[in-house]
Structure formats: C-alpha cells, structure tokens
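# Understanding the architecture of this molecule
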Amino acid sequence: MSAKTIAVLTSGGDAPGMNAAIRAVVRAGITSGLHVMGVRRGYNGLLTGDVFEMNLRSVSDIIHRGGTMLYTARSPEFNTKEGVQKAADMCRKLGIDGVVVIGGDGSFRGARDLTGAGIPCIGIPGTIDNDIASSEYTIGFDTAMNTAVQMIDRLRDTTESHDRCSVVEVMGRRCGDLALQTGIAVGATTILVPEVEYDFQRDIIERMRFTQKTGKKHFIIIVAEGVGHVSELADSIEKQTGIETRATVLGHVQRGGSPTLRDRVVASEMGYTAVELLNAGKSNRVVVMRKSEIVDLDITEALAMKRTFDVDLYNIAHKISI
Ligand code: F6P
C-alpha cells in the first residue's frame, strides 16, 4: 500500500541545500495528493510529536537559504530499540505512513531501524562531508567547498603579504574529500587527508624547502579535520623551517550560507525522487547519485558499502602544487 500522509525531517549536521530538498518533498508530495507533515529537530520530533502539516506555501522563500527550516538534531534517545519503537508508535498515532529522512549515514541507520519498526522510510544524503559510500555526492558538499575556498582566498592575501605559512583545517569528519577539492582549488602546497598516510619531512618540510628555492615565499597547507591538530603542526613547521606559521580552523562557517546551484538542483531532484518512491510503495531505500545519475538503493546494502578515496586526484594535486 502506498502512503497517504508522509513526513519529512532533517537529521545530524545541517547542510546547505537541505531546505531545497524539503521544498521538493513538500511540493512533490502535495501535488501528488499526499498530506505532508514537517518534523522538527530530526528524530527528536518523532519522539515528542513535534510535527505540523505543511502546505505549498510552507516552503516558499527557502530554496536559497542555508540551514534547515525544520531544524536538526542528533538524537541519542532514538538510537535505542525503545526510542525507535516510540517513534514508530508516534507515527502510527499521527497517521504518518512514510518518512523522508535527509541526513548522513547515522540518519540512514535510523531510517533503516524505523522501517524495521513498520514505518516505510526513504533516505536522502545531506551532509557537507561527502562521506556516504553509496553516493558520489551529498547535498551541501559543493556549497561547503566554495565557502572554504572563499575563506582560504582571503587567508592567502594576508599569508602572502607576510611571507608566512598558513595551516588550515577544513571539516569532513573522517573523510578527506572536502580537503582534497578545496586544496586543489586554492593551490595548497600540501593536502593532508585521513585516507593517505603522510610523512612530515617528505610531504611538508621538503616540499616547502623545494618550492622556496624556486622563489615561493608563502605556503598554504590544507588539513582535513580527521588528520589532527593544526596548531601543533603549525608550531612544528615554524620550528623546522623558520617560516612564521599560523593555524586557522575554518570550523562551522563551512556549514552555513546560501546553497550553490548544484546543491539546489541535486536536492530538488533527490527530494522529488524520494516522494516518487513512497508513492510507488517502496521503503528502506536511499536516493543516491551514481555515475552522475539519481538512482535508489536498498538502505541496508548502501550502509554496507565501503567508501573509496580518489587517490589519483590526490596525487595530481601534489604534482602540480610545486
Ligand atoms: O558532519 C558534518 C560535520 O560538520 C563534520 O564535518 C564535523 O566533523 C561535524 O559535523 C561537527 O559536528 P558538530 O556540529 O556536532 O560539532
């Protein structure tokens, strides 16, 4: 049986483009004859019944806004057997026949568990980290990269003016994609990611010394947050090279801001597809990008996939930043 009333929620860290996905779910749902409920603060809203009926105008004026109009949360209570049961009971009480969950891997595990408790769920990948193995792309990644590049371009001005080295930490949890793409785009001397082991002397000091001999006087080192402490690294670089070095942690600024065209478009297509799946009576699916196409996979299979890191691109980055 296909759903009559669906709900949409955002869960985990927010990401620019989540609003565009919510908008697509609401509009596609209502125009196909469904009632659409908005759930506030992720799975917490399903535990407490913090839901409201949405209409076509509830999602006006949000496609260009960062954050999530539904708010988001990480929900320790939902991550228990009892929590999942409580949320499923609340869905039944509120007449919710299906849920679209926009978030990362943790949110997908929740969607799988809620489906197991009898409420059909569809996941949409929303996280700036691009760390979901089953999808080439996650909503928010493009905006976060562009934000990081804008920030580092500013940093470059002052780094260059002072003949300094800047060690910059970018987000990504345990994934180096944000660091790799950003590092290439800003012409970083070295990019450190959790997926590739590095040697301090060979990959940082020797590269700096080599390029210094060719006339380079300022340096940008990009470090993925999963690699470790940028201030310690900056101190060690300064001690070894004598070059004044500063550490900068970009932090949560990377999670905000108006989504780029790519994030708006991908989010819109994924949101629409999620509703089509529920209308077709499907559940426990995740909407992903594979070979640049939007397709759907079983959530359990998607969660079992292993991420691959683009080592070729990583090697290219280091060959040309010299
Ligand atoms: O998953 C998105 C992300 O911003 C990661 O890059 C980062 O590790 C984490 O969330 C930070 O989480 P919080 O907002 O809870 O500090």
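About the thresholds
- Along each chain, numbering runs from 1 in the same order as the chain's sequence is written.
- Reporting in this predicted model follows two pLDDT cut-offs: at least 70 for local features of residues, and 80 or more for side-chain atom pairs to be given and counted; totals over whole chains, interfaces and linings ignore these cut-offs and use all residues.
- By convention in this description, side-chain values take in all heavy atoms of the structure and omit both hydrogens and water.
- UniProt positions are given in the numbering used here, feature names are shortened, and annotations may be inferred rather than shown by experiment.
- We count a stretch as a helix when DSSP gives it H or I for four or more residues in a row; a strand needs E for two or more, and each element gets its number in order from the N terminus.
- Pairs of residues are marked as contacts when any of their non-hydrogen atoms sit within 4.5 Å.
- Pairing between strands requires that DSSP locate at least two bridges from one strand to the other.
- Interaxial angles span 0 to 180 degrees and are taken between N-to-C directions of axes, which are lines fitted to C-alpha atoms, for helices over the stretch in contact.
- Nearness is defined per residue: one heavy atom within 4 Å of the molecule or strand is enough.
- In the analysis that follows, any N or O atom pair within 3.5 Å is treated as a polar contact, provided that within protein one partner can donate a hydrogen and the other can accept it, and provided that, for residues neighboring in sequence, both atoms belong to side chains.
- Accessibility throughout is a Shrake-Rupley quantity obtained with a 1.4 Å probe, and a residue counts as covered only by protein chains that appear here.
- All amino acids are sorted into three groups, where Ala, Val, Leu, Ile, Met, Phe, Trp, Tyr, Cys and Pro are nonpolar, Asp, Glu, Lys and Arg are charged, and the leftover types, Gly among them, are polar.
- Domain delimitation in this document rests on an assignment produced automatically or drawn from a domain database.
- In summary, the pairing rule links any two rings of Phe, Tyr or Trp, Trp by its six-membered ring, whose centres are within 6.5 Å, and it sorts them by plane angle into stacked for under 30 degrees, edge-to-face for over 60 and tilted for everything else.
- Only protein chains enter the calculation, and the probe is 1.4 Å; a residue is then buried if its accessible area is under 20% of its type maximum, exposed if over 50%, and partly exposed in between.

Moving on, we get to the UniProt feature "binding site: ADP" (unreviewed entry) in the protein chain. Mapped onto the present numbering, the UniProt feature "binding site: ADP" (unreviewed entry) falls on R23, A24, V25, V26, R27, R156, K213, K216, K217 and H218. Considering the C-alpha atoms alone, the annotated residues occupy 196 residues of sequence and remain spread out, their largest mutual distance being 59.0 Å. Inspection of the secondary structure puts A24 in helix 1 (residues 18-31). Setting aside residues up to four positions removed in sequence, A24 forms contacts with G29, A267, S268, G271 and Y272.

Let's shift gears to the sheet that holds strand 11 (residues 293-298). Two modes of strand pairing occur in sheets, parallel and antiparallel, and in both the strands are linked by backbone hydrogen bonds. One open sheet accounts for 7 strands, arranged 3-2-1-4-5-10-11; its pairing is mixed. The sheet terminates laterally at strand 3 (51-54) and strand 11, the two strands that pair on one side only. Shown here is a sheet whose adjacent strand axes are inclined to one another by a mean of 30°, direction ignored. Along the sheet, helix 1 makes contact with strand 1 (5-10), strand 2 (35-39), strand 3, strand 4 (98-103) and strand 5 (121-125), crossing strand 1 at roughly 175°.

With that out of the way, let us pick up the site of the ligand. Around the ligand, the surrounding shell consists of R74, T127, D129, M171, G172, R173, E225, H252 and R255. Between the ligand and G172, the relevant distance is 3.2 Å, taken from an oxygen atom to a main-chain nitrogen or oxygen of the residue. R255 is positioned such that a nitrogen or oxygen atom in its side chain is 2.7 Å from an oxygen atom of the ligand. Look at the ligand: alone it shows 400 Å² of surface, and the protein chains cover 74% of it. When the residues that make up the shell around the ligand are grouped by side-chain class, the tally is 1 nonpolar, 3 polar and 5 charged. Both domains that meet at the shell around the ligand, namely domain 1 (5-140 + 259-303) and domain 2 (143-255), each give it at least three residues.

Take the sheet that holds strand 9 (residues 245-249) next. Pairing within the open sheet is parallel, and its 4 strands lie in the order 7-8-6-9. Each having just a single partner strand, strand 7 (190-192) and strand 9 make up the two edges of the open sheet. Adjacent strand axes in the sheet meet at a mean angle of 15° when their direction is disregarded. In this sheet, strand 8 (residues 219-224) lies alongside strand 7 in parallel orientation, the contact comprising 3 bridges. In the sheet register, L192 faces strand 8, and the bridge partner there is V223.

Here we take up the packing of aromatic side chains. Counted by the stated rule, this structure contains 3 aromatic pairs. Note on Y43 and F78: the rings are 3.9 Å apart at their centroids and 5° apart in plane angle, and the pair reads as stacked. Of this pair, Y43 sits in helix 2 (residues 43-48) while F78 is found in the loop between strand 3 and helix 3 (81-94), placing the two residues 35 residues apart along the sequence. Across this residue pair, the class does not change: Y43 and F78 are buried. Taking 5.9 Å as the distance between ring centres and 65° as the angle between the ring planes, the aromatic pair formed by F309 and Y314 counts as edge-to-face. Relative accessible area serves as the criterion here: at 14%, F309 is assigned to the buried category.

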